[in-house]
Structure formats: C-alpha cells, structure tokens
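Working through the structure, step by step
The residues making up each chain are set out below.
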Amino acid sequence: MLYWIWLTQIPFIGPIAARKLIEYFENAENVYKAKEKYLEKIPGLSIKQKKNVIEFCSLKEAERILENCEKQSIDILCWQDERYPTRAKEPKDAPVILYYKGHFKEIEHTIGIVGARRCSQQDKHRAVNIASECVEKGITVISGMAKGIDSYAHTACLNAGGYTIAIMGNGLDICYPSEHYQLMKGIEDKGLLLSEYPPGALPTKYTFPRRNRLISSWSDKLFVIGAGKGSGALITADYSKKYARKVYW
C-alpha cells in the first residue's frame, strides 16, 4: 500500500495522471521502479509530470501517512481492490486510492442526497422520507455529512437500519463539522466513511468541490434538496450531469 500512497503524493500528479500510470504499469510499485525511458512512452503526461515521477523518489511521506492510518484505524482502498465500485471508477478523475473507516458491503444501487445546510422543515422531511424509502428498497444512501440535508439523510438512513456512505472533504481523523461527532461514529459503526485525503488533511474551500465529485460518481442518482445559488450541492449536481447520472430536484 506504501507505493499507492506515494503515487498520490507526487506533485502535479492528480487522479487522471495517476490512473494513466497505473493502467500502463499495472500497479503503483511498478510506477515507482519505472525507468525514465518507459515513462516517455506514456501519452497524455507533461514533461513536468514525468520528471516528478522520477525525481520524487522518497517514501518518507508515504510511510508517515501509512503510520498515521494505522494509529487512527484508517484503512485504504486502492484502485485494484474488487470492492472499489465500477460506477465510481468510471470517471477519468476517480482517485486511485481512498481512505476509509467502517465496513464495505455489496452495493447494488445507490442514491445521493445533498442540499442546503439551512433548510426548511419541508425540505428536511423530504430528505428524511427519501432516505427512509431507500432503506426499504435496500438502496445505499450517499452524502457528505454536512449540516442540514446531508446530516438528515444520513441520520434517517441509520435510524431505519440502512447502510449509508459519507464522503468527506478532509482526513478521517477529523470530524467536520465538529458537532457531527456522534453521527460520524454512527456511520463508522454501521456504514462507511470515505475520503481521498490522508489523515491530518484539513477541510478547505478547495477540498469540498473535489469531495462533491465523489458523491456524484458513487451515486447512481442524485437528489438535490433546497439548494440555493452558489450551493455546493449544485456543484455535485453538475458533476452528476457530467457523469451521466440522473439528477432530481
């Protein structure tokens, strides 16, 4: 797993470039051991990216991250793991590794539920009803554990005995927002917490839009509830459309 972490820490090597490298070399260890003459053959990578793969040869940061994962009981899902859903791997910018807490189960159908942080009672009831109906049909509920609609959807799913996945915009050793600590523990116990960010990574205005694309890619359909102009939920909806997923308002 060390080499997979190393690959994601190389400067200017994002998910798309990392995926190209994995597809060419078959696994992350082969990328680490690759010679420059073989890297030159890979189309779609810049000179800078190829140079960084060769020059960024230290495993110290990857070792530090792996040690922190072990201390925090955080596991790692890599690209070649059979538990990585096909639907989530389809987009070109799908991460080659994801950090997780909780447990995996066989997922047949998924529905994403996102929306306003400050919402009306009507919107709250709608989120709760949709999540509860998902549980009755054996559908996994996916959201981002944010205030408002996200948290209502997760909570309703857990209360009904369902399986829910929270995709976060920070390391899984951090609870954000902090008041959702009990919700986070509940999801870890009965569902799954996911993040493409290693432990210690703080939430920022840049990490949440990146997180939103994963909510879209992991969801077969997306429900957007009470989202206003400029809402992060609208970013999620845009990604769902980009990934050819149905969006319901």
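What comes next is a walk through the structure. Just so we're clear, the structure is a prediction, and the values are computed from it rather than from any experiment. By convention here, each chain's residues receive numbers from 1 onward along its written sequence. Given that this is a predicted model, residues contribute local features only at a pLDDT of at least 70 and side-chain atom pairs are listed and counted only at 80 or more, while totals for whole chains, interfaces and linings are drawn from all residues. Hydrogen atoms and water are omitted, and side-chain values are computed over all heavy atoms in the structure.

Re the side chain of Asn 52
Structurally, Asn 52 is set in helix H5 (residues 47-55). For this analysis, residues touch if any pair of their heavy atoms sits within 4.5 Å. With residues near it in sequence (within four places) discarded, Asn 52 still touches Ile 10, Pro 11 and Phe 12. Helix and strand assignments follow DSSP, with helices taken as H or I runs no shorter than four residues and strands as E runs no shorter than two, numbered in order from the N terminus.

A few points about the environment of His 103
With respect to the helices, strands and loops of the structure, His 103 is situated in the loop between strand E2 (97-102) and strand E3 (110-115). Non-local contacts of His 103, meaning those with residues more than four positions away in its chain, are made with Tyr 163, Asp 189, Lys 190, Gly 191 and Leu 192.

A look at the pairing of strand E4 (residues 140-143)
The buried label goes to any residue with under 20% of its type's maximum accessible area, the exposed label to any with over 50%, and the partly exposed label to all in between, with areas taken from a 1.4 Å probe on protein chains only. Here E4 shows no split at all, with Thr 140 and Ile 142 on one side and Val 141 and Ser 143 on the other all buried. Looking at chain direction, E3 and E4 are connected through three bridges and run parallel. Looking across to E4, one finds that Ile 111 is bridged to Val 141. Regarding topology, helix H8 (residues 121-136) serves as the crossover connection from E3 to the parallel E4, and that connection is right-handed. For two strands to be treated as a pair, DSSP must find at least two bridges joining them. One ladder, built from three bridges, connects E4 with strand E5 (residues 164-167); its direction is parallel. Looking across to E5, one finds that Val 141 is bridged to Thr 164. Seen with the strands pointing away from the viewer, any crossover whose path from the first strand over the helix to the second strand runs clockwise is right-handed. With helix H9 (residues 149-159) bridging E4 and the parallel E5, this β-α-β connection has right-handed handedness.

A closer look at the packing of helix H11 (residues 207-218) against helix H12 (residues 232-242)
For any two helices packed against each other, one specifies the inter-axial angle together with the distance between the axes. As a rule, the C-alpha atoms of each element are fitted with a line to give its axis, helices using only the stretch in contact, and angles between N-to-C directions run from 0 to 180 degrees. Where H11 contacts H12, the two axes come as close as 8 Å, and the packing angle between them is 50°. Compared by their axis directions, H11 and H12 come out oblique. Considering how the two elements wind past one another, H11 and H12 form a crossing that is right-handed. Facing Pro 209, Arg 210, Asn 212, Arg 213, Ile 215 and Ser 216 of H11, the residues of H12 in contact are Gly 232, Ile 235, Thr 236, Tyr 239 and Ser 240. All residues other than Ala, Val, Leu, Ile, Met, Phe, Trp, Tyr, Cys, Pro, Asp, Glu, Lys and Arg, Gly among them, are scored as polar; the first ten of these are nonpolar and the last four charged. Grouping the constituent residues of the contact of H11 with H12 by class yields four nonpolar, five polar and two charged. When an angle is under 35 degrees it counts as roughly parallel; over 145 it counts as roughly antiparallel; between 65 and 115 it counts as roughly perpendicular; any other value is oblique. Two helices that cross are described as forming a left-handed crossing if the nearer one is turned anticlockwise from the farther one by less than a right angle, and a right-handed crossing if clockwise.

Description of the nonpolar core
Note that soluble globular proteins tend to have their nonpolar side chains buried in a common cluster. Take the buried Ala, Val, Leu, Ile, Met, Phe, Trp, Tyr and Cys residues and link them wherever side-chain atoms come within 4.5 Å; each set so joined is a nonpolar core. Core analysis: the biggest nonpolar cluster contains 63 residues, and Leu 7, Leu 21, Tyr 99, Met 145, Ile 165 and Trp 218 have the highest contact counts within it. Aside from chain neighbours lying at most four places away, what touches Met 145 is Asp 150, His 154, Ala 166, Met 168, Cys 175, Tyr 176, Pro 177, His 180, Leu 183, Met 184, Ile 187 and Leu 193. One finds Ile 130, Ala 131, Cys 157 and Ile 225 within the second-largest nonpolar core, a separate group that totals 15 residues.

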